[in-house]
Amino acid sequence: MTRSIKNNLLSRSIALTVLTSAQVFAGSLPSPVIDSDYYDNGDPAPAKYELGRMLFFDKIMSGNRNISCATCHNPLLATTDGLSLGIGEGGRFIGPYRTTGSGDDAVPGRIGRHAPHLYNLGAREFIHLNWQGIMEGNADKPSEISIPAGPEKPDGLDNVLAGQALFPIANINEMIGQRGENEIADSVRPGNGRFRPIWEGYLKRIRAIPEYVELFQAAYPNISLPDDIKIAHYANAIAAFETRAFRADNSRFDQYLRGGVDALSPKEVEGMNLFYGAAGCDSCHSGKFQTDHSFHNIAMPQIGPGPEARMPLEDRGRTEASREQSDFAKFKTPSLRNVAHTAPYGHSGAFATLEGVVRHHLNALESLDNYDTSQALMPSRSDLDEIDFQGYEDVSLRDKIAQNNELRPNPLSDAEVSALIAFLHTLTDTDSLNLRKLIPSQVPSGIAVSD
Ligand code: HEC
Ligand code: HEC
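About the thresholds
- Residues numbered from 1 in each chain as written.
- Chains lettered and ligands numbered in written order.
- Predicted model: local features only at pLDDT ≥ 70, side-chain atom pairs only at ≥ 80, totals over all residues.
- Heavy atoms only, no water.
- UniProt positions renumbered as here; feature names shortened; annotations may be inferred.
- Helix = DSSP H or I, 4+ residues; strand = E, 2+ residues; numbered from the N terminus.
- Donors = N, O, S within 2.8 Å, 3.2 Å for Na, K, Ca; no water.
- Near = heavy atom within 4 Å.
- Polar contact = N/O pair within 3.5 Å; in protein donor to acceptor, adjacent residues only side chain to side chain.
- Nonpolar A, V, L, I, M, F, W, Y, C, P; charged D, E, K, R; others polar.
- Domains from an automatic or database assignment.
- Contact = heavy atoms within 4.5 Å.
- Buried area = accessible area lost by both parts, 1.4 Å probe.
- Salt bridge = Lys/Arg side-chain N within 4 Å of Asp/Glu carboxyl O.
- Buried < 20%, exposed > 50% of the residue type's maximum accessible area, 1.4 Å probe, protein only.
- Expected span 1.5 Å × (residues − 1).

- In the annotation of an unreviewed UniProt entry, the protein is listed under the name Cytochrome c peroxidase and assigned to Hahella chejuensis.
- Heading Subcellular location (unreviewed entry) of the UniProt record for the protein holds this comment: "Cell envelope".

### Focus on unusual backbone geometry
Right, so step 1: In this structure, the amide linkage connecting A343 to the following residue, P344, adopts the cis form with an omega of -10°.
Right, so step 2: Within the fold, P344 resides in the loop between β4 (331-332) and α12 (354-362).
Right, so step 3: For N120, which is not a glycine, the phi torsion comes out positive at approximately 65°.
Right, so step 4: Summarising the element assignment, N120 is placed in the loop between α3 (69-72) and β1 (128-129).
Right, so step 5: Backbone geometry at A329 places phi at a positive 60°, although glycine is not the residue there.
Right, so step 6: Of note, A329 is situated in the loop between α11 (319-322) and β4.

### Focus: the coordination of the iron atom of ligand 1
Right, so step 1: Protein coordination of the iron atom of ligand 1 is limited to a single donor, H73 (NE2), positioned at 2.1 Å.
Right, so step 2: Within the secondary structure, H73 sits in the loop between α3 and β1.

### Some thoughts on the site of ligand 1
Right, so step 1: The environment of ligand 1 is formed by 25 residues, the closest being C69, C72, H73, N130 and K332.
Right, so step 2: A distance of 2.8 Å separates an oxygen atom of ligand 1 from a polar backbone atom of W131.
Right, so step 3: At 2.7 Å from an oxygen atom of ligand 1 is found a side-chain nitrogen or oxygen belonging to K332.
Right, so step 4: Of all the secondary-structure elements, those providing two or more residues to the shell around ligand 1 are α3, α4 (160-164), α5 (172-176) and α8 (231-245).
Right, so step 5: For the shell around ligand 1, the element with the most residues is α8, which contributes 3 residues.
Right, so step 6: Classifying every residue of the shell around ligand 1 gives 15 nonpolar, 6 polar and 4 charged.

### Observations concerning the domain arrangement of the protein
Right, so step 1: Domain parsing of the protein yields domain 1 (3-36 + 249-430) and domain 2 (40-80 + 116-247).
Right, so step 2: Just the C-alpha atoms count here: the centres of domain 1 and domain 2 sit 28 Å apart.
Right, so step 3: Taken together, the 25 residues of domain 1 in the interface contact 21 residues of domain 2.
Right, so step 4: Of the roughly 2,000 Å² buried at the junction of domain 1 and domain 2 (both faces included), carbon and sulfur atoms supply 52%.
Right, so step 5: On the domain 1 side of the interface with domain 2, the three residues burying the most area are F289, H293 and K332, jointly 28% of the side's total.
Right, so step 6: For the pair domain 1 and domain 2, the interface holds 3 salt bridges.
Right, so step 7: Across the salt bridge formed by R247 and D35, the nearest N and O atoms sit 2.8 Å from each other.

### Overview of the coordination of the iron atom of ligand 2
Right, so step 1: Protein-derived coordination of the iron atom of ligand 2 comes from H285 (NE2) and H361 (NE2), at a distance range of 2.1 Å.
Right, so step 2: H285 gets classed as buried once you look at its relative accessible area, which sits at 10%.
Right, so step 3: Judged by its relative accessible area of 23%, H361 falls in the partly exposed class.

### Regarding the UniProt feature "domain: Cytochrome c" (unreviewed entry) in the protein
Right, so step 1: Residues annotated by UniProt as "domain: Cytochrome c" (unreviewed entry) correspond here to residues 47-261 and 266-428.
Right, so step 2: Here residues 47-261 runs as 32% helix and 2% strand, with 38 Å between its end C-alpha atoms.

### Concerning helix α6 (residues 196-207)
Right, so step 1: Taking 1.5 Å per residue, 12 residues should reach 16 Å; α6 reaches 16 Å between its end C-alpha atoms and fits that length.
Right, so step 2: The set of residues buried in α6 consists of P197, I198, W199, G201, Y202, L203, R205, I206 and R207.
Right, so step 3: Where α6 is buried, its residues touch α2 (46-57), α5, α7 (210-219) and α8.

### So, the environment of H285
Right, so step 1: Relative to the helices and strands, H285 resides in the loop between α10 (266-275) and β3 (295-296).
Right, so step 2: In sequence terms H285 and L336 are 51 residues apart; their C-alpha atoms lie 7.6 Å from each other.
Right, so step 3: Aside from chain neighbours lying at most four places away, what touches H285 is F275, Q290, T291, T333, P334, L336 and H361.
Right, so step 4: Within the structure, H285 has its side chain in polar contact with the backbone oxygen of P334 (distance 3.3 Å).

Now the structure itself:
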């Protein structure tokens, strides 16, 4: 513990002695978030950030030029898509208005997992990305990463967040489109590599746009010719953008941790006491961002087609990355920053409300059995609707999930649940929700940013 944090805690405990008993906190709290928790101290070079901003919003980074990162991680929807399970390329419109497209262009299926929010992923401690943690980083040596690209892994990636950015653009249903629809979808041939031809396809488009070449040159002094632009430059710029744009560490809880004892009401302090005390939430939602960066099975209902859209419609979770059967249906503990605004919740977006997902934790097995499927938010289309709840209704799959559940019943009164939820609301950083300012009016490809 550094001296300044110690002093901070000391001054807080002195201040607390004059408060009412409901406001006194007995357990141990995380230390406050600081700049050096983030890559580049949270302040990446402006030219790299600006390039990343354009690439994040530019639909040229999709096979059919119809979807960008911002479609599913929308700045107006707290960096999510507001849906339980989203719709990838081919869909139209954003958030709850999103459709599955129509005619020949209609999407072949739903995305198998819920699109998570992107808050604070530029903090070094986020070493596992995606719900099953298939992308792995190293908090001390950020450039040492493991990503599922095999020998095609590019050199020079800054960190795991950059590594992650290589994959949505190379996913058929998320961003590429189907064979026969565009040159990128058609570029994958046996013996040609699984990723490189795709990445090269995007680079070819980018290198042909003078405004992009200038932005890459400004961000990376070693780029002089269009051919010097590599996929790692793209990925590192996206990560720089995400690091700064989606930093969220000025909530009332942060202010409290930095010594602002008045930042929380007595009810919120009671909720904080429960979270870090009797309710045991911090045994998994620990640390500065309310996550242990580990994987747990909490008997979440499985809805939708699952990530591989094949029978059985199960999501094996961490098993996919670790190959250990004991990791079945374990998912990454989500960070709870801005959680009041990032609904729906869970790896398949099964719960529509914050209270719903919190109550699920209190009696997970009972909740799994009594899950109300009508709360799932998915753009409707009859052939997709047919399979949405087959996984959930498969009793043997449900039993398999339940067997591995780690949560014991945790009886809390309604007043306690209400206090916990009040505390979760204090994790909202209002400025980080107001992201309209990030949306460019134009991007270098000239493709419309809005739908
Ligand atoms: C079609 C919707 C869609 C698009 C487009 C999309 N994403 Fe995602 N994103 C998701 C889903 C779903 C996941 C969870 C995947 C999983 O766990 O298997 C995810 C996961 C992530 C994560 C990991 C978050 C975490 O907490 O583990 C990051 C970072 C991310 N996306 C960034 C991006 C970037 C950058 C782009 C553009 C290059 C992008 N996404 C495009 C839906 C999308
Ligand atoms: C055993 C570890 C564990 C404990 C204890 C735990 N959680 Fe969770 N929590 C998780 C995991 C893992 C998920 C995601 C599971 C999934 O999607 O399958 C989650 C999801 C959540 C979500 C949804 C977040 C999102 O973005 O989808 C909220 C809210 C939440 N937990 C709050 C709490 C509260 C409040 C407590 C204390 C009452 C608590 N959790 C206790 C592991 C835990």
